[in-house]
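# Survey of secondary and tertiary structure
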Number of protein chains: 4
Amino acid sequence: MTPNPFQQCIDMCYACAAACNPCASACLSEPHADAMTQCIRLDIECAEICTLAASTMAREGAFSAEVCGVCAKVCDACAAVCEKHEADHCQRCAAACRACAEACRSMYAGQSS
Amino acid sequence: MTPNPFQQCIDMCYACAAACNPCASACLSEPHADAMTQCIRLDIECAEICTLAASTMAREGAFSAEVCGVCAKVCDACAAVCEKHEADHCQRCAAACRACAEACRSMYAGQSS
Amino acid sequence: MTPNPFQQCIDMCYACAAACNPCASACLSEPHADAMTQCIRLDIECAEICTLAASTMAREGAFSAEVCGVCAKVCDACAAVCEKHEADHCQRCAAACRACAEACRSMYAGQSS
Amino acid sequence: MTPNPFQQCIDMCYACAAACNPCASACLSEPHADAMTQCIRLDIECAEICTLAASTMAREGAFSAEVCGVCAKVCDACAAVCEKHEADHCQRCAAACRACAEACRSMYAGQSS
């Protein structure tokens with residue numbers, strides 16, 4: 001079985017979803033959830049598209065590059081919001097989003113070359 | 001509650017997923033599933049991204065237009081393959097994909113204007 | 001093409017996801033999102049499992065009844081929380097959840113008989 | 001940030017989805033895809049519920065145990081079918097499914113005790 005050429009990106013996408021979902025949950029448990037609504041919204045968007053991106057790459061889906069293109073944008077947006085919060089869950093989430101955005105960009109750059 | 005401006009597109013996306021998933025299943029039950037593999041692959045990709053597009057629009061997600069842009073491409077590809085098969089499930093699926101692609105394009109054209 | 005025996009339940013599941021996702025989003029935009037955190041959490045859980053239930057039934061998946069069994073429980077829990085809020089989005093969501101829970105219970109009762 | 005008590009199970013669920021999705025794709029590329037239809041069907045069901053299970057556990061969702069209960073059953077069924085095929089992708093998938101089923105059972109056993 002040939003290794004999936006996108007394996008690293010798949011791993012990053014799952015790792016990002018695995019950081020965004022608990023960040024959403026933790027934000028909802030913060031005493032001031034009001035202040036975290038942008039974070040919660042983007043965490044949910046980001047977790048969903050990262051999961052889709054991982055699934056489609058794992059199937060070597062024909063539109064993997066296009067999905068990764070959008071995924072990179074959502075990851076960047078989520079990172080930008082989470083970075084502003086000091087909470088550990090936000091900092092971890094932001095780091096996972098930045099790494100995933102980078103992997104997604106490398107993936108579709110590789111595809112289009 | 002203000003109606004969601006994307007309600008028609010959301011409905012089309014769910015209708016498309018509701019046509020792609022049974023098409024995949026029916027193709028897998030055909031006596032010559034071998035001949036239907038492209039159809040099955042695209043049905044699955046299409047059902048997943050339509051579901052994501054519907055969910056993100058329903059939440060008025062910030063990247064709805066980008067997701068719909070990719071969704072329209074996947075729908076078109078799925079329709080092009082399904083159209084070639086005479087089976088009722090493929091014809092229904094192709095029609096749902098064409099309608100969804102059109103709705104997605106209108107949605108993101110509206111967004112960017 | 002034989003009609004899917006679960007078509008009504010599939011429709012209810014998509015309708016429920018289509019009510020839960022905007023309810024989550026609207027709750028996050030309320031001036032007191034703090035008061036709505038249980039609603040937001042359950043809206044997200046409910047939208048995700050309703051989508052899965054619809055997809056698996058549409059493919060006549062072998063575990064459709066089991067998935068619908070859990071889906072009914074999540075729908076009931078989401079309805080119970082949303083019902084307490086007067087906001088139109090919560091009332092609509094609760095109604096969609098109750099209808100979906102009922103359809104899911106009928107579906108798996110029919111399966112096991 | 002307290003570590004998620006279900007982290008190991010979350011990791012197993014993502015690893016299982018990451019094995020089921022490529023198995024479905026590889027089965028569809030086999031010269032005799034006809035012989036692999038049960039495998040393809042269960043791979044797709046399994047990948048979807050594993051992803052849902054991981055997401056809901058990551059959010060410490062109230063119905064995580066119930067979702068894991070169904071997930072374990074789908075994983076076992078997928079493993080039983082994949083085990084019969086010698087292809088490397090099927091053997092890897094079966095192993096991931098067995099490990100995930102075990103983790104899901106431990107998780108909800110822990111919950112109910």
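Right, let's walk through the structure included here. No experiment lies behind these values; they were computed from the predicted model shown.

About the criteria used
Residues numbered from 1 in each chain as written. Chains lettered and ligands numbered in written order. Predicted model: local features only at pLDDT ≥ 70, side-chain atom pairs only at ≥ 80, totals over all residues. Heavy atoms only, no water. Salt bridge = Lys/Arg side-chain N within 4 Å of Asp/Glu carboxyl O. Helix = DSSP H or I, 4+ residues; strand = E, 2+ residues; numbered from the N terminus. Least-squares fit on C-alpha atoms with pLDDT ≥ 70 in both. Contact = heavy atoms within 4.5 Å. Buried area = accessible area lost by both parts, 1.4 Å probe. Polar contact = N/O pair within 3.5 Å; in protein donor to acceptor, adjacent residues only side chain to side chain.

### Quick notes on the pattern of salt bridges
Following the criterion strictly, the structure yields 28 salt bridges over all chains and no others. Of the charged contacts, one joins Asp88 of chain B and Arg92 of chain B as a salt bridge, the two residues approaching to 3.0 Å between their closest N and O atoms. Within this pair, Asp88 of chain B and its partner Arg92 of chain B are both found in helix 4 (residues 88-112), separated by four residues, close to a single helical turn. The partner of Glu45 of chain C in a salt bridge is Arg59 of chain D, and the shortest N-O contact between them spans 2.8 Å. Residue Glu45 of chain C is found in helix 2 (residues 37-58), and its partner Arg59 of chain D is found in the loop between helix 2 (37-58) and helix 3 (64-82); the two belong to separate chains.

### Describing the relation of the copies chain B and chain A
When chain B is fitted to chain A, the best match, at an RMSD of 0.0 Å, comes from turning it 180° and sliding it 0.0 Å along the axis. Such values leave the two copies arranged in the relation of a two-fold axis. Looking at the interface residues of chain B, 100% of them are also at the interface in chain A, so both copies use one shared face.

### As for the interface of chain C and chain A
Taken together, the contacts link twelve residues of chain C with twelve residues of chain A. Counting the surface chain C buries against chain A, the share from its top three residues, Leu28, Asp34 and Arg41 of chain C, is 54%. Summed over the shared surface of chain C and chain A, the result is zero salt bridges. Our count for the contact surface shared by chain C and chain A stands at four residue pairs in polar contact (both at pLDDT 80 or more). Mapped by element, the contributors of at least two residues to the side of chain C that touches chain A are helix 1 (7-29) and helix 2 of chain C. The element that contributes the greatest number of residues to the side of chain C that touches chain A is helix 2 of chain C, accounting for five residues.

### Some details on the interface of chain B and chain A
Where interface size is quoted, it is often the accessible area lost as the parts come together. Listed by partner, the interface residues are 18 residues for chain B and 18 residues for chain A. Both faces combined, the contact of chain B with chain A buries some 1,500 Å², and carbon together with sulfur accounts for 64% of it. Ranking the residues of chain B by area buried against chain A places Glu45, Arg59 and Phe63 of chain B at the top, with a combined share of 37%. Note that Arg59 of chain A is salt-bridged to Glu48 of chain B, the shortest N-O span being 3.1 Å. Inspection of the region where chain B meets chain A yields six residue pairs in polar contact (both at pLDDT 80 or more).

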